[in-house]
Amino acid sequence: MSKQFDVIVIGAGPGGYVAAIRAAQLGLSTACIDDRSNSADQPAPGGTCLNIGCIPSKALLDSSKHFHHLQHQYADHGIKLDSQPSMDISIMQQRKDKVVKQLTGGVSQLLKINKVDFFHGQGTLEAARMVRVKSKDGTEQMLQGKHIILASGSVPIELPGMAFDNEYIIDNAGALALGDVPKRLGVIGAGVIGLELGSVWKRLGAEVTLFEAMDELLAAADLDIAKAAGREFKKQGLDIRLGCKVKSAEIKDNAVTITTTSSKGEEQVVVDRLLVAVGRRANTEGLLGDNTGVKLNDRNQIEVDEHCHTDAENVWAVGDAVRGPMLAHKASEEGIAVAELIAGESGHCNLATIPWVIYTDPEIAWVGKTEQELEQAGVKYKAGSFPFAATGRGLAMGDAAGLVKLIADAETDTLLGAHIIGPGASELIAECVVTMEFSGCAEDLARIVHAHPTLSEAVHEAALHVDKRAIHRAN
Ligand code: FAD
Ligand code: NAI
């Protein structure tokens, strides 16, 4: 006899575990299956995000930022060091591992508290919403669900001839676990992972070279922000080579010799470690048995409609495994929406107001449309901006690089996009998301009282500048 559940979730990343908790809160009997183990071979729910993504990368970004500031910024505050600071990489890694353990343990507890039945193993959807769970020891059991939520996430894309060996040619997991600072780190792809993890190891002393196939940096960002980011990264010594493709990589003499092609022709570069960060693809390996009715598209993503429903009755899919941005908060919101739809409530995830944040220094954050996208679509708009260098708080902090740029509809003043590079961008973007979600206007932001002195005054002034009435800059 197979165990019966109202909802079976496959995958316990931010899409899956959040969906499972919400389904259980709504009174549905819920199972959640995840195959990930930690170094002690115990379950490690939380998916890519908690184990080898968002959280460990932010832990290392913070540690390396402290080290960098100690060396390069504290002197401005009058703080003197009698000797050169040094970094104990193993302590930094232990701290990161502790944070990860605390959070994955927390997810296990939350599943338990909410009475979600957790299964540690691989889940495969079979016909008629039967799910085969295969444990590591080879034992198998069958579960049956009235509804299934597929939340199997994503895995890094490998380049031909550059298979991950987790020693020389590494992925995100490898780059988060390095035991020492490589003298020379090569990174293929100057995208989100390349810039965040490249920054970590650069701050800790590596020479970091990023090879980016596109001619522009951060092609998805607003051009003004991308340009400002390029200038800041250059100042930090990140060597970003645009329009540069890596043709091959050969491991020899304890290093990786890379051959690149660009407008300058072919070039050879030798690095000690090579991080390949050229995007991720939906993870569907072992997920689907025969005759499930679930369709994959040509990018291997699970096909879903706007409600995250697949082609098979009562089978849903969320997160990185489906269309849309590969972000933890997007996965979680879809998970909640699907659980609520299953319970007969109204659930919705608005893909148009998903914020993006890149946790470099300065941070980069945006929501909505870029100026270039609006130009292309022929939408008439007005834009306003404000530099952090004109805020009292930014200057007092000694952290005033960057700007806020807001874009509003030329006629209705509705906020269409917000783009920030600067201190606290990851937090400042939230009020712009709220404004957009409520179909608010630049004037709404301009009329709201912002505390002084705060970084949020840059958002306020940018909103005033949309109508050319900013106080602390020329209009
Ligand atoms: P995942 O988190 O990938 O979880 C899926 C889980 O399902 C995994 O544990 C997997 O092992 C398991 N699984 C898969 N198939 C099966 C199966 N058949 N049976 C059982 N279990 C299965 N996003 C942000 O929003 N902010 C960030 O700062 C951020 N930083 C990142 C940094 C890095 C280095 C990386 C790689 C990603 C980062 N992301 C970030 C992206 C974020 O991690 C993903 O968008 C998010 O984890 C997607 O959630 P998910 O639930 O769809 O999938
Ligand atoms: P990405 O899509 O952000 O960047 C990949 C980069 O590699 C692009 O700039 C692309 O032009 C370039 N590229 C592709 N093929 C190439 C080649 N052959 N040679 C040179 N360059 C090449 O993907 P990334 O950085 O791997 O991250 C994957 C996803 O993970 C992100 O898109 C994001 O969804 C998520 N993520 C989110 C983070 C956040 O929210 N802060 C942090 C890290 C990852």
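Everything numeric here is computed off the predicted structure, so don't read it as measured data.

## Examining the pattern of salt bridges
Inference 1: Inspection of every chain in the model, using the stated rule, returns 22 salt bridges.
Inference 2: Taking the shortest distance from any N to any O, the salt bridge between Asp224 and Lys405 comes out at 2.8 Å. On the criterion of sequence distance, the pair formed by Asp224 in helix 7 (residues 223-235) and Lys405 in strand 21 (residues 403-409) is long-range, its members being 181 residues apart.
Inference 3: Look at Asp224 and you get partly exposed, because its relative accessible area is 37%.
Inference 4: Residue Lys405 is classed as buried on the basis of its relative accessible area of 3%.
Inference 5: In this structure, Glu334 and Lys330 form a salt bridge, with 3.1 Å as the shortest nitrogen-oxygen distance. One end of the pair, Glu334, and the other, Lys330, are both in helix 8 (residues 328-342), four residues apart, so they sit about a helical turn from each other.
Inference 6: Salt bridges sharing partners connect three or more residues here, namely Asp222, Asp224, Glu371 and Lys405.

## A word on the environment of Ala40
Inference 1: Among the structural elements, Ala40 can be located in the loop between strand 2 (30-34) and helix 2 (47-52).
Inference 2: Along the primary structure Ala40 and Thr124 are separated by 84 residues, whereas in three dimensions their C-alpha atoms are 25 Å apart.

## Notes on the site of ligand 1
Inference 1: Ligand 1 sits among 39 residues. The nearest are Gly15, Asp35, Thr48, Lys58 and Gly123.
Inference 2: Contact distances for ligand 1 include 2.7 Å between an oxygen atom and a side-chain N or O atom of Asp35.
Inference 3: At 2.6 Å, a side-chain N or O of Thr48 approaches an oxygen atom of ligand 1.
Inference 4: Burial of ligand 1 by the protein chains amounts to 94% of its free accessible area of 990 Å².
Inference 5: Considering each element in turn, the shell around ligand 1 owes the most residues, four residues, to helix 2.
Inference 6: When the residues that make up the shell around ligand 1 are grouped by side-chain class, the tally is 15 nonpolar, 18 polar and six charged.

## Observations concerning the pairing of strand 14 (residues 265-271)
Inference 1: Bridge count between strand 13 (residues 255-262) and strand 14: seven bridges; the pairing is antiparallel. Counterpart to Val256 in the pairing with strand 14 is Val271.

## A word on the site of ligand 2
Inference 1: As a matter of local geometry, ligand 2 sits amid 21 residues, with Glu196, Glu212, Gly279, Met326 and Val357 nearest to it.
Inference 2: Separating a nitrogen atom of ligand 2 from a backbone N or O atom of Ala213 is a distance of 3.1 Å.
Inference 3: Residue Gly279 places a main-chain N or O atom 2.9 Å away from an oxygen atom belonging to ligand 2.
Inference 4: Compared with its free state, where it exposes 840 Å², ligand 2 has 76% of that area covered by protein.
Inference 5: Elements with a contribution of two residues or more to the shell around ligand 2: helix 6 (192-203), strand 10 (207-212) and strand 18 (356-358).
Inference 6: Broken down by element, the residue count for the shell around ligand 2 peaks at three residues, all from helix 6.
Inference 7: For the shell around ligand 2, the residue count by class is 14 nonpolar, three polar and four charged.

Cut-offs applied
- Residues numbered from 1 in each chain as written.
- Chains lettered and ligands numbered in written order.
- Predicted model: local features only at pLDDT ≥ 70, side-chain atom pairs only at ≥ 80, totals over all residues.
- Heavy atoms only, no water.
- Salt bridge = Lys/Arg side-chain N within 4 Å of Asp/Glu carboxyl O.
- Helix = DSSP H or I, 4+ residues; strand = E, 2+ residues; numbered from the N terminus.
- Buried < 20%, exposed > 50% of the residue type's maximum accessible area, 1.4 Å probe, protein only.
- Near = heavy atom within 4 Å.
- Polar contact = N/O pair within 3.5 Å; in protein donor to acceptor, adjacent residues only side chain to side chain.
- Areas by Shrake-Rupley, 256 points an atom, 1.4 Å probe, with all protein chains shown as cover.
- Nonpolar A, V, L, I, M, F, W, Y, C, P; charged D, E, K, R; others polar.
- Pairing = 2+ DSSP bridges.

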